[in-house]
Amino acid sequence: MSTDTLHGESSLLIQLRHGLRREQIDHALSDIAAGWGRRELWMTLGLHDVRQRYRRSKLGPFWITLSMAIMVLALGILYGQIFGQDLHEYLPFLAAGFVIWGLIASLIIDGCQSFIMAEGMIRQLNAPLSIYAYRGIWSTLIAFGHNIWVFFAVAVWFGVDLNWNLLWVPVALLMLLLNGLWIALFFGLLSARFRDVPLIVGSIVQVLFFITPVIWRPEMLPGRALLLDLNPFYHLVEIMRAPLLGQAPGLENWLTVILITVVGWTATLFFYSAYRWRIAYWV
Amino acid sequence: MASIQLENVSVSFPVYSASTRSLKNRLIQSATGGQIRADTVSQRISVVQALQDINISLKSGDRLGLIGHNGAGKTTLLRVLGGIYEPNSGRVAVQGSTVPLFDIGLGMNQESTGYENIVLRGLFLGLTRQRIRSMMDEIAEFTELGDFLDLPIRTYSAGMQMRLAFAVSTSVVPDILLLDEGIGAGDAAFLNKARERLQHFTEQVSIIVLSSHSEELVRTMCSKALVMEHGQIVFAGPTDEALERYQAMRGW
């Protein structure tokens, strides 16, 4: 093998030019479509990922449920007191917010790992790369399926008005997963190249948890500052939390989420077309 | 009909150091601009030219062996053929279903049972669940693992795991098969049975490309061979001549 040295920057530009040709965009789209076609594979892999973690415990995946329940109760009682909230209102609010936040955070954090974690398979298997993104989303969804029962238990206990607005929940869930897919492709790609991205993203997500109304209510913020409306995560959480708590979903929340989805997918398609073919070299 | 066409294919690898893998460094580097630039010469990314101007044309019935030293580019070439690496330049046209069998145990899950792993391996090979179910009995019977198939495969011996992987991997015949060092089959008692199945399996495949260090293996399986060095093809022709050429190259 002969080696020669190139400037990193120029080679990245060459790659970008190569990647933005029409055929690369077609390849990226067909990669995502073909990945969907291999769903039996990634569903099985995602399920195995979840089971792997809990295989030898008696409770199995219900450990997820249990730890979520303990977290919600402990935080609910503590913060309910700190904020001087009525537990009947506050605990269902917290449970819903927490479960949804768990879903969003894990879509982002696990999304960063989608290609890094699969490096062995990527180099040996000629499958569309998007299956590794789908796989992570599927195991996140399975975990969510276990967590959501914590909310329903709290909701029934405190007599939350579970009404027809609940029909919005699956729609909102689908929307969050659709965003999860571009997040997994985009951040998975970026993380495969720059290995400090998962760490950076991890700490950002932690900060976002505190500035997003999950443990505090939007009404507690005086003047409902821009801080709230400009935070995309507020809207992502709200489209699902409102119907869970029996309220009709807000139009502005939905519009913002749709905007996020469109912008996110456009940026992702751009980068995924340009750099998808490099992923196998990066991992 | 299966076919493979490679025209002027070149592949180069970036070799990253820890600092070029950091987004933080990258951003600081571009923010601080020219001054620090002088010190960042060491941050250049080295590029390894793994394949250079490769031209290959294969049609149904071809059995091609790849021979060469470690790092000559054999595995990279297999990955290009399998569509795993897209080349930097050149054209790749592969027709037919392609299965790269570099590691027959790829994707096996230690905590899952033998049956579950048959399904998993099958899905990796691109089969549907339904198809796998219809072949399950035949595969299970061939492995001779009996009730063990209900146990997690971490309880298996290495030989038993190998049998399972072997049985599934050879259960479906692709158009194009890419092999790195052939297919292992496990313990001796199983070997004869495996050899028979393997022969039957490989006969049905349209095109096989095998990369190996074993001259014996290449001689028995392949009619044609390529000798590779430094990412280039230095000789292409009948296996015997290629092997002679390779021995002469090593020449001590």
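Procedures and definitions
- Residues numbered from 1 in each chain as written.
- Chains lettered and ligands numbered in written order.
- Predicted model: local features only at pLDDT ≥ 70, side-chain atom pairs only at ≥ 80, totals over all residues.
- Heavy atoms only, no water.
- Helix = DSSP H or I, 4+ residues; strand = E, 2+ residues; numbered from the N terminus.
- Rg over C-alpha atoms; globule rule 2.2 N^0.38 Å.
- Buried < 20%, exposed > 50% of the residue type's maximum accessible area, 1.4 Å probe, protein only.
- Areas by Shrake-Rupley, 256 points an atom, 1.4 Å probe, with all protein chains shown as cover.
- Lys, Arg positive; Asp, Glu negative; His and termini not counted.
- Charge placed at Lys NZ, Arg CZ, Asp CG, Glu CD.
- Contact = heavy atoms within 4.5 Å.
- Patch = residues over 30% accessible without salt bridge, like charges linked within 9 Å, V, L, I, M, F, W, Y side chains within 5 Å.
- Salt bridge = Lys/Arg side-chain N within 4 Å of Asp/Glu carboxyl O.
- Expected span 1.5 Å × (residues − 1).
- Arc of directions from axis to C-beta.
- Pairing = 2+ DSSP bridges.
- Buried area = accessible area lost by both parts, 1.4 Å probe.
- Nonpolar A, V, L, I, M, F, W, Y, C, P; charged D, E, K, R; others polar.
- Core = buried A, V, L, I, M, F, W, Y, C linked by side-chain atoms within 4.5 Å.
- Domains from an automatic or database assignment.
- Polar contact = N/O pair within 3.5 Å; in protein donor to acceptor, adjacent residues only side chain to side chain.

### Let's talk about the overall build of chain A
Scanning chain A from N- to C-terminus turns up 13 helices and 1 strand. Counting helices and strands in the order they occur from the N terminus, chain A gives β-α-α-α-α-α-α-α-α-α-α-α-α-α. For 283 residues, the compact-globule estimate of 2.2 N^0.38 gives 19 Å, and the C-alpha radius of gyration of chain A, at 21 Å, lies within 12% of that figure. By principal-axis analysis of the C-alpha atoms, chain A measures approximately 70 × 50 × 35 Å. For chain A, with 283 residues in total, the buried portion stands at 54%. Taken as a whole, chain A presents about 13,100 Å² of accessible surface, with 70% of it coming from carbon and sulfur. Within chain A, one finds 19 positive and 17 negative side-chain charges whose respective centroids are separated by 11 Å.

### Description of the overall build of chain B
Tallying secondary structure elements over chain B gives 9 helices and 9 strands in all. Viewed in the frame of its principal axes, chain B has a C-alpha envelope of about 70 × 45 × 40 Å. For chain B, the proportion of contacts with a sequence separation of at least 24, taken over those separated by at least 6, is 74%. For chain B, the accessible area works out to roughly 11,500 Å², and carbon and sulfur atoms hold 49% of it. In chain B, the 23 positive side-chain charges and the 26 negative ones have mean positions that sit 8 Å from each other.

### Quick look at the pairing of strand 7 (residues 207–211) of chain B
The buried count for strand 7 of chain B comes to 5 of 5 residues, which makes it a mostly enclosed element. Burial of strand 7 of chain B is two-sided: the residues Ile 207, Val 209 and Ser 211 of chain B facing one way and the residues Ile 208 and Leu 210 of chain B facing the other way are all buried.

### Quick word on a nonpolar patch on the surface
Residue and element names in this part refer to chain A. On the surface, Leu 59, Phe 62, Trp 63, Leu 66 and Ile 70 cluster together into a nonpolar patch covering about 480 Å² of accessible area. Mapped onto the elements, Trp 63 comes out in helix 4 (residues 62–82). Relative accessible area serves as the criterion here: at 41%, Trp 63 is assigned to the partly exposed category.

### Concerning helix 9 (residues 239–250) of chain B
All names here are of chain B. The first and last C-alpha atoms of helix 9 sit 16 Å apart over 12 residues, in line with the 16 Å expected at 1.5 Å per residue. Burial in helix 9 covers these residues: Thr 239, Ala 242, Leu 243 and Tyr 246. One side of helix 9 holds all its buried residues, which, seen down the axis, span an arc of 100 degrees. Turned more than 90 degrees away from the buried face of helix 9, the exposed residues are Glu 244 and Ala 248.

### Points about the pairing of strand 6 (residues 176–180) of chain B
All names here are of chain B. Most of strand 6 sits inside the fold, with 5 of its 5 residues counted as buried. Going residue by residue along strand 6, you find Ile 176, Leu 178 and Asp 180 tucked away on one face and Leu 177 and Leu 179 tucked away on the opposite face as well. Bridging between strand 5 (residues 98–101) and strand 6 involves 4 bridges; their strand directions are parallel. Across the sheet, residue Val 99 finds its bridge partner in strand 6, namely Leu 177. As paired elements, strand 6 and strand 7 share 5 bridges and run parallel to each other. Counterpart to Asp 180 in the pairing with strand 7 is Ser 211.

### With respect to the interface of chain A and chain B
Across the boundary between the two partners, chain A contributes 43 residues, which contact 47 residues of chain B. Between chain A and chain B the total buried area reaches about 4,300 Å² when both faces are included, carbon and sulfur atoms providing 50% of it. At the junction of chain A and chain B, the tally comes to 2 salt bridges. Among the salt bridges present, the one from Glu 86 of chain B reaches Arg 276 of chain A, with a minimum N-O distance of 3.0 Å. Listed by contribution, the elements that provide at least two residues to the side of chain A that touches chain B are strand 1 (2–6), helix 1 (8–19), helix 2 (22–37), helix 3 (39–54), helix 6 (119–122), helix 8 (168–193), helix 9 (197–211) and helix 13 (279–282) of chain A. Considering every element that reaches the side of chain A that touches chain B, the biggest residue donor is helix 3 of chain A, with 7 residues. Here the residues of the side of chain A that touches chain B sort into 16 nonpolar, 14 polar and 13 charged.

### Re the nonpolar core
Soluble, globular proteins show a tendency: their nonpolar side chains are buried together. One finds Phe 115 of chain A together with Val 209 of chain B to be the most contacted residues of the largest nonpolar core, which totals 168 residues. For this core, the leading source of residues is helix 5 (residues 87–112) of chain A, giving 16 residues. Each of domain 1 (3–96 + 211–250) and domain 2 (101–205) of chain B contributes no fewer than three residues to this core. Not counting chain neighbours up to four residues away, the residues in contact with Phe 115 of chain A comprise Ile 122, Leu 129, Tyr 132, Ala 184, Leu 185, Gly 188, Leu 189, Ala 192, Tyr 272, Ile 279 and Val 283 of chain A.

### Focus on the domain arrangement of chain B
Residue and element names in this part refer to chain B. Here the domain parsing of chain B yields domain 1 (3–96 + 211–250) and domain 2 (101–205). The straight-line distance from the C-alpha centre of domain 1 to that of domain 2 is 29 Å. Counting from both sides, the interface comprises 18 residues of domain 1 and, opposite them, 11 residues of domain 2. At the surface where domain 1 touches domain 2, the tally comes to 0 salt bridges. Summed over the shared surface of domain 1 and domain 2, the result is 8 residue pairs in polar contact (both at pLDDT 80 or more). Sorting the residues of the side of domain 1 that touches domain 2 by element identifies strand 1 (3–15), helix 3 (74–81), strand 4 (89–95) and helix 8 (215–221) as the ones contributing at least two each.

### Focus on the environment of Thr 140 of chain A
All names here are of chain A. Here Thr 140 lies in helix 7 (residues 130–157). The sequence separation of Thr 140 and Gly 111 amounts to 29 residues, and the corresponding C-alpha distance is 9.7 Å. If we ignore the near neighbours within four places in the chain, the residues touching Thr 140 are Leu 103, Ser 106, Leu 107 and Asp 110.

### A look at the environment of Ser 214 of chain B
Tracing the sequence through the fold places Ser 214 of chain B in the loop between strand 7 and helix 8. Expressed as a C-alpha distance, the spacing of Ser 214 of chain B and Glu 181 of chain B, which sit 33 residues apart in the sequence, is 7.7 Å.

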